[in-house]
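# Summary of the model geometry
Each chain, written out:
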Amino acid sequence: MTEVKQIEEADKVLTPPQQIERLNRPGSKYFNLNPFDVLQVAPDTSIDEVRKKYRKLSILVHPDKNPNDKEKAQRAFDAVKKSWETLNSEKDRTECLGVVEDAKNRLDQKLKQKRKKLKKDGVSNDIPEDDPYYYQRELHKETCKLFADLAVVRQEMEMRQMNERNRQRQQEIQQQEAAKLKKEWDKNYEESREERVSSWQDFQKTAKKAKKRKSSKAPKVFKPPKVRMEQR
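Here's a quick rundown of the structure. Given the structure is predicted, the values throughout are model-derived calculations rather than measurements.

Procedures and definitions
- Residues numbered from 1 in each chain as written.
- Predicted model: local features only at pLDDT ≥ 70, side-chain atom pairs only at ≥ 80, totals over all residues.
- Heavy atoms only, no water.
- Helix = DSSP H or I, 4+ residues; strand = E, 2+ residues; numbered from the N terminus.
- Buried < 20%, exposed > 50% of the residue type's maximum accessible area, 1.4 Å probe, protein only.
- Contact = heavy atoms within 4.5 Å.
- Areas by Shrake-Rupley, 256 points an atom, 1.4 Å probe, with all protein chains shown as cover.
- Salt bridge = Lys/Arg side-chain N within 4 Å of Asp/Glu carboxyl O.
- Expected span 1.5 Å × (residues − 1).
- Axes fitted to C-alpha atoms, helices over the stretch in contact; angles between N-to-C directions.
- Parallel < 35°, antiparallel > 145°, perpendicular 65-115°, else oblique.
- Left-handed = near helix turned anticlockwise from the far one by under 90°.
- Nonpolar A, V, L, I, M, F, W, Y, C, P; charged D, E, K, R; others polar.

Moving on, we get to the overall build of the protein. Scanning the protein from N- to C-terminus turns up nine helices and zero strands. In sequence order, the protein lays out its α and β elements as α-α-α-α-α-α-α-α-α. Within the protein, the fraction of its 232 residues that count as buried is 23%. Long-range contacts, defined as pairs at least 24 residues apart, comprise 60% of the intrachain contacts of the protein with a sequence gap of at least 6. Total accessible area computed for the protein in this model is approximately 18600 Å², and 53% of it derives from carbon and sulfur atoms.

It is worth spelling out the pattern of salt bridges at this point. Side chains bearing opposite charge may pair, as long as their charged atoms lie close to each other. In total, this model carries 17 salt bridges according to the counting rule given. With its nearest N and O atoms 3.2 Å apart, the salt bridge here joins Lys-72 to Glu-21. Here Lys-72 is found in helix 6 (residues 70–88), whereas its partner Glu-21 is found in helix 2 (residues 16–22), with 51 residues between them in sequence. The partly exposed category is assigned to Lys-72, whose relative accessible area is 27%. For Glu-21, a relative accessible area of 38% translates into the label partly exposed. Asp-108 is the partner of Lys-104 in a salt bridge, and the nearest nitrogen-oxygen pair spans 3.1 Å. Linking Lys-104 with Asp-108, this pair stays in helix 7 (residues 90–120), spanning four residues, or about one helical turn.

Let us look at helix 7. With 31 residues, helix 7 extends 45 Å between its outermost C-alpha atoms, agreeing within 8% with the 45 Å of an ideal straight helix rising 1.5 Å per residue. For helix 7, every residue scored as buried is listed here: Arg-93, Cys-96, Val-99, Val-100, Ala-103, Leu-107 and Leu-111. Buried positions along helix 7 lie against helix 4 (35–39), helix 5 (47–60), helix 6 and helix 8 (132–191).

Helix 8 packs onto helix 7 with a crossing angle of 125° between their chain directions and a minimal axis gap of 8 Å. In terms of orientation, helix 7 and helix 8 fall into the oblique class. As helix 7 packs across helix 8, the resulting crossing turns out to be right-handed. For the pair formed by helix 7 and helix 8, the contact residues are Cys-96, Val-99, Val-100, Asp-102, Ala-103, Lys-104, Arg-106, Leu-107, Asp-108, Lys-110 and Leu-111 on the first element and Tyr-135, Glu-138, Leu-139, Glu-142, Thr-143, Leu-146, Phe-147 and Leu-150 on the second. Classifying every residue of the contact of helix 7 with helix 8 gives eleven nonpolar, one polar and seven charged.

Further remarks concern the packing of helix 5 against helix 6. Viewed as axis vectors pointing N to C, helix 5 and helix 6 meet at an angle of 165°, and their least axial separation amounts to 10 Å. With respect to helix 6, the axis of helix 5 lies roughly antiparallel. Both helix 5 and helix 6 take part in a crossing whose hand is left-handed. Residue-level inspection shows Ile-47, Val-50, Arg-51, Tyr-54, Leu-57 and Ser-58 of helix 5 in contact with helix 6, the latter providing Phe-77, Val-80, Lys-81, Trp-84, Leu-87 and Asn-88. Its residues assigned to classes, the contact of helix 5 with helix 6 comprises eight nonpolar, two polar and two charged.

What follows is the structure, given as structure tokens:
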């Protein structure tokens, strides 16, 4: 067994309190986005082995098994469960493997540029990452960072979609309110049609009567007598 494997195996053997602390450590919100890191399995681990590790970890950090620190245990348990559900989904697992591959390509490109710069400066292009242990450590950082970046992009996309759904819903409500008001207006208009017609007819009758009374009471026009011409 290589030194790197020995270190990895040693890190995996943790007591329940240590596992709970590991999954609640500073930056856990960032690190726990990487399901391989949470379950402490390599990306190429078979799904059967991943299941075994999940069951073991879920027992270790279960809140009922850790009554003295239930709150942290619950957060650790939730992280373990979510990671298992992710890797147990063929589609999600494939996406996660793609993230790991992209992280490796990014890291290799960075290291290539780092060696190129050292060579240009005329110094040894040996770098710490030539050591497998340090390479794996940097790959772990790069992988976790990429998982976090993708989570931010996903959250922003979900937020935009939610805002769009809210906008559409608000528009639907406004259209429904407008349609409701129009329907009520049309209903009231139809219901008051007879009353309006009756009122108009009454108005016309009243106007005719008033006109008739006015005509009958009108003063007679004075007609002066005709002037007779004087005869001589």
